[in-house]
Amino acid sequence: MRNDTATASAVLALTGGPANVRHVTHCLTRLRLTVADPAAVDEESLRALPGVLGVIGAGTPSLQVVLGPGVVDTVTAEVERQLAAGSRAGGGRAGADAVRTGDGSRPSPTGPSGQGPLAGSLRRIANVFVPLIPALIGCGVVAGVNGLLTNAGRLPGLTPALAAVASGFMALIAVFVGYRAAKEFGGTPILGGAVAAVIVHPGVAKVTAFGVHLSPGQGGVLGALAAALLATRIEKWCRGRLPGALDVLLTPTVTVLVAGLATLYGLMYAAGAVATAIGTGANWLLTTTGPFAGLVPGGLFLPLVMLGLHQALIPIHTTLIEQQGYTVLLPLLAMAGAGQVGGALAVYVRLRHDTTLRATIRSALPAGLLGVGEPLIYGVSLPLGRPFVTACVGGAAGGGFVGFFAMLGEKVGATAIGPSGWALFPLLTGDQGPAPAIAIYAGGLLTAYAVGFAATLAFGFPRGTGGCPAPPATDRTPAGSA
């Protein structure tokens, strides 16, 4: 039985104690901590904790502890609770900053240290969208069920209600993005949401910008993000110049008015053009270049993850879902994880003498099949070197398979972002409905497994050695071992 309280306590102890933690947040699978002294982190013991699937960024201020979907939410909440309790008990500020910024309400203006400007900016943009993923998943599954019932002609009295449940969040997602963006970048969340709400208000149809009438929702999440960032800048400018008596009245008024008008007469039009270009470009690439359009993202996604650049894809996914009802990019990227599974299986078959590494693969493989690839990446393929490259070849092959069918008119898309691997099946759909999409996606996974396995077996090990260099000891601790 899971003990999230014990896990949180152990993580805090092994990262140098509450006083060493400066920032707490999480994504779908990782607890993200910013620590004051990286040398105080006991990486080896942290990796060996039951429930910890991997550790990323050890030796730097930006530490990531891989815990897996679901678990990371409760462990993060428990870490924040313990930091807050410790701060109150000590009467000091140890851990106070971490708790305050853990929910994104008042983060540091520059973000965690130890990251470049690009990586830091992408991380903060990702922080805007990651909390929205559970709603996207839930609404996506409901939309999928509603589609199946509608196509089968079943429960006609229920399907309109399911459609409303599935579509309500997406209809107002711009408001949530505005709220989250203002919260993440240090503004008042309600003001960010208020300005972003202008985008989805029906009354914008009466507004003319650049000689054309605007449409409700034009610009979508990209416009909402830009509107909230502008509102935050305006709010901060006002608060630094207005006395307290006037600040309460004029700051929100000026923020909403100026940012709202700028959104109507500039940002909505510009963001709408960008969103249209993204959708048109994705469709053109898949229908024209097919296998190549799938091969590139399938093969390069894992290196993007290592560089932190994959965070830039989250607004693109959301834009495609908002615009087309699904994102064609996610099924292609999911092939990268499948290539890792195939590569790991080849390592397991080839290195029969390495019991520790094989134990790591056995413990990490179920998570890998469900799309949580970090344990296999950081515990197996990346430390070995060549298997990481050959696994990427498997991902490219799977992406090419899916892209080939897209060129034939059978596009595969996901109605929500977050899950991958086998966990993505309930969210799949396409131009021809969910059944063909599921079949093509399954074929892509099998292709990625097979090519990743074969490429790793053939090229993943130095010739004449009968094996490959052993990974570092800190990367070979079986996940969940003591």
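Since the structure is predicted, the reported quantities are computational estimates derived from the model, not experimental observations.

### Thoughts on the pairing of strand β2 (residues 30-35)
Part 1 of the argument: Where burial is concerned, most of β2 is hidden: 6 out of the 6 residues are buried.
Part 2 of the argument: The alternating pattern of β2 places Arg 30, Arg 32 and Thr 34 on one face and Leu 31, Leu 33 and Val 35 on the opposite face, and all of these are buried.
Part 3 of the argument: In this sheet, β2 lies alongside strand β1 (residues 21-26) in antiparallel orientation, the contact comprising 5 bridges. Following the sheet pairing, Val 24 is matched in β2 by Leu 33.
Part 4 of the argument: Pairing between β2 and strand β4 (residues 62-66): 5 bridges, direction antiparallel. Paired with Thr 34 across the bridge in β4 is Ser 62.

### What to know about a nonpolar patch on the surface
Part 1 of the argument: Together, Leu 246, Leu 249, Leu 250, Val 254, Leu 257, Val 258, Leu 261 and Tyr 265 line one region of the surface with nonpolar side chains, adding up to about 690 Å² of accessible area.
Part 2 of the argument: For Leu 246, the position within the fold is in helix α11 (residues 244-289).
Part 3 of the argument: Judged by its relative accessible area of 41%, Leu 246 is partly exposed.

### As for the packing of helix α14 (residues 329-350) against helix α17 (residues 386-407)
Part 1 of the argument: Packing of α14 against α17 leaves a shortest axis separation of 7 Å and a crossing angle of 135°. The angle between α14 and α17 falls in the class oblique. Two packed elements cross with a definite hand, and for α14 against α17 that hand is right-handed. Listed contacts from α17 to Leu 332, Met 335, Ala 336, Gly 339, Gln 340 and Val 347 of α14 are Pro 387, Phe 388, Ala 391, Gly 394, Gly 395, Gly 398, Gly 399, Val 402 and Gly 403.
Part 2 of the argument: The residue makeup of the contact of α14 with α17, split by class, is 8 nonpolar, 7 polar and no charged.

### Side note on the packing of aromatic side chains
Part 1 of the argument: With the rule as written, the count across this model stands at 5 aromatic pairs.
Part 2 of the argument: Judged by centre distance (4.6 Å) and plane angle (35°), the ring pair of Phe 210 and Tyr 269 falls under tilted. On the criterion of sequence distance, the pair formed by Phe 210 in the loop between β5 (208-209) and β6 (212-213) and Tyr 269 in helix α11 is long-range, its members being 59 residues apart.
Part 3 of the argument: What makes Phe 210 exposed here is its relative accessible area of 58%.
Part 4 of the argument: Assessed through its relative accessible area of 35%, Tyr 269 is described here as partly exposed.
Part 5 of the argument: Taken together, Phe 401, Phe 404 and Phe 405 form an aromatic cluster joined through their ring pairs.
Part 6 of the argument: The aromatic ring of Tyr 348 is capped on one face by Arg 358, whose charged end is 3.9 Å from the ring centroid.

### Overview of the side chain of Gln 340
Part 1 of the argument: Relative to the helices and strands, Gln 340 is located in helix α14.
Part 2 of the argument: Taking the relative accessible area as the measure of exposure, Gln 340 reaches 2% and is therefore buried.

### Examining the nonpolar core
Part 1 of the argument: Core analysis: the biggest nonpolar cluster contains 82 residues, and Phe 129, Ile 173, Val 177, Val 347, Leu 424 and Tyr 441 have the highest contact counts within it.
Part 2 of the argument: Those residues in contact with Tyr 441 that sit more than four places away from it in its chain are Pro 331, Ala 334, Met 335, Val 412, Ser 420, Gly 421, Leu 424, Phe 425 and Leu 428.
Part 3 of the argument: With 22 residues, the next largest nonpolar core counts Val 21, Val 24, Leu 31 and Val 55 among its residues.

### Considerations on the pattern of salt bridges
Part 1 of the argument: In this structure the tally under the stated criterion is 6 salt bridges.
Part 2 of the argument: Here Arg 239 and Glu 235 are joined by a salt bridge, their closest N and O atoms 3.1 Å apart. Pair noted here: Arg 239 and Glu 235 are both in helix α10 (residues 220-239), with a separation of 4 residues, about one helical turn.
Part 3 of the argument: For Arg 239, a relative accessible area of 39% puts it in the partly exposed group.
Part 4 of the argument: Lys 411 is the partner of Asp 431 in a salt bridge, and the nearest nitrogen-oxygen pair spans 3.9 Å. One end of the pair, Asp 431, is in the loop between β8 (428-430) and α18 (434-459); the other, Lys 411, is in the loop between α17 and β7 (412-414), with 20 residues separating them in the sequence.
Part 5 of the argument: Overall, Asp 431 belongs to the partly exposed group, its relative accessible area being 43%.

### As for helix α1 (residues 4-14)
Part 1 of the argument: Inspection of α1 places Asp 4, Thr 7, Ala 8, Val 11, Leu 12 and Leu 14 among the buried residues, and these make up the whole buried set.
Part 2 of the argument: The N-cap residue of α1 is Asn 3: its side-chain oxygen and the backbone nitrogen of Thr 5 are 3.3 Å apart.
Part 3 of the argument: Following α1 by one or two positions, Gly 16 adopts a phi angle in the positive range, close to 100°.

### Some details on the confidence of the model for the protein chain
Part 1 of the argument: Confidence in the prediction for the protein chain averages 84 pLDDT; 88% of positions are at 70 or higher.
Part 2 of the argument: When pLDDT is averaged over each element of the protein chain, helix α9 (residues 189-200) comes out on top at 96 and helix α4 (residues 96-102) at the bottom at 43.
Part 3 of the argument: Confidence drops under a pLDDT of 50 for residues 96-114, and excluding neighbours within four residues, the segment shows 48 contacts in the predicted structure.

### With respect to unusual backbone geometry
Part 1 of the argument: For Leu 155, which is not glycine, the phi torsion reads 45° and is therefore positive.
Part 2 of the argument: Look at Leu 155 and you get partly exposed, because its relative accessible area is 49%.
Part 3 of the argument: You will see that Phe 210, though not glycine, has its phi angle at about 55°, which is positive.

### A short note on the side chain of Thr 159
Part 1 of the argument: By the element assignment, Thr 159 lies in helix α7 (residues 159-171).
Part 2 of the argument: Residue class for Thr 159 comes out buried when judged on its relative accessible area of 12%.
Part 3 of the argument: Reaching out from Thr 159, the side chain makes a polar contact with the backbone oxygen of Pro 156 at a distance of 3.3 Å.
Part 4 of the argument: Thr 159 has contacts with Asn 146, Leu 149, Thr 150 and Arg 154, leaving out every residue within four places of it along the chain.

### Focus on the environment of Ser 420
Part 1 of the argument: Within the secondary structure, Ser 420 is located in the loop between β7 and β8.
Part 2 of the argument: If sequence neighbours within four positions are ignored, Ser 420 has contacts with Ala 334, Leu 370, Gly 371 and Tyr 441.

### Description of the packing of α14 against helix α16 (residues 374-384)
Part 1 of the argument: Relative orientation of the contacting elements α14 and α16 amounts to 65°, with a least axis distance of 10 Å. Accordingly, the angle class assigned to the pair α14 and α16 is roughly perpendicular. In terms of crossing hand, the pair formed by α14 and α16 is left-handed. Contact with α14, carried on its side by Gln 340, Val 341, Ala 344 and Val 347, involves Leu 376, Ile 377, Val 380, Ser 381 and Leu 384 of α16 and no other residues of that element.
Part 2 of the argument: Per-class residue counts for the contact of α14 with α16 are 7 nonpolar, 2 polar and no charged.

Rules of the game
Residues numbered from 1 in each chain as written. Predicted model: local features only at pLDDT ≥ 70, side-chain atom pairs only at ≥ 80, totals over all residues. Heavy atoms only, no water. Buried < 20%, exposed > 50% of the residue type's maximum accessible area, 1.4 Å probe, protein only. Helix = DSSP H or I, 4+ residues; strand = E, 2+ residues; numbered from the N terminus. Pairing = 2+ DSSP bridges. Patch = residues over 30% accessible without salt bridge, like charges linked within 9 Å, V, L, I, M, F, W, Y side chains within 5 Å. Areas by Shrake-Rupley, 256 points an atom, 1.4 Å probe, with all protein chains shown as cover. Salt bridge = Lys/Arg side-chain N within 4 Å of Asp/Glu carboxyl O. Axes fitted to C-alpha atoms, helices over the stretch in contact; angles between N-to-C directions. Parallel < 35°, antiparallel > 145°, perpendicular 65-115°, else oblique. Left-handed = near helix turned anticlockwise from the far one by under 90°. Contact = heavy atoms within 4.5 Å. Nonpolar A, V, L, I, M, F, W, Y, C, P; charged D, E, K, R; others polar. Phe/Tyr/Trp six-rings, centres within 6.5 Å; stacked < 30°, edge-to-face > 60°. Lys NZ or Arg CZ within 6 Å of the ring centre and 35° of its normal. Core = buried A, V, L, I, M, F, W, Y, C linked by side-chain atoms within 4.5 Å. Polar contact = N/O pair within 3.5 Å; in protein donor to acceptor, adjacent residues only side chain to side chain. pLDDT = per-residue confidence, 0-100.

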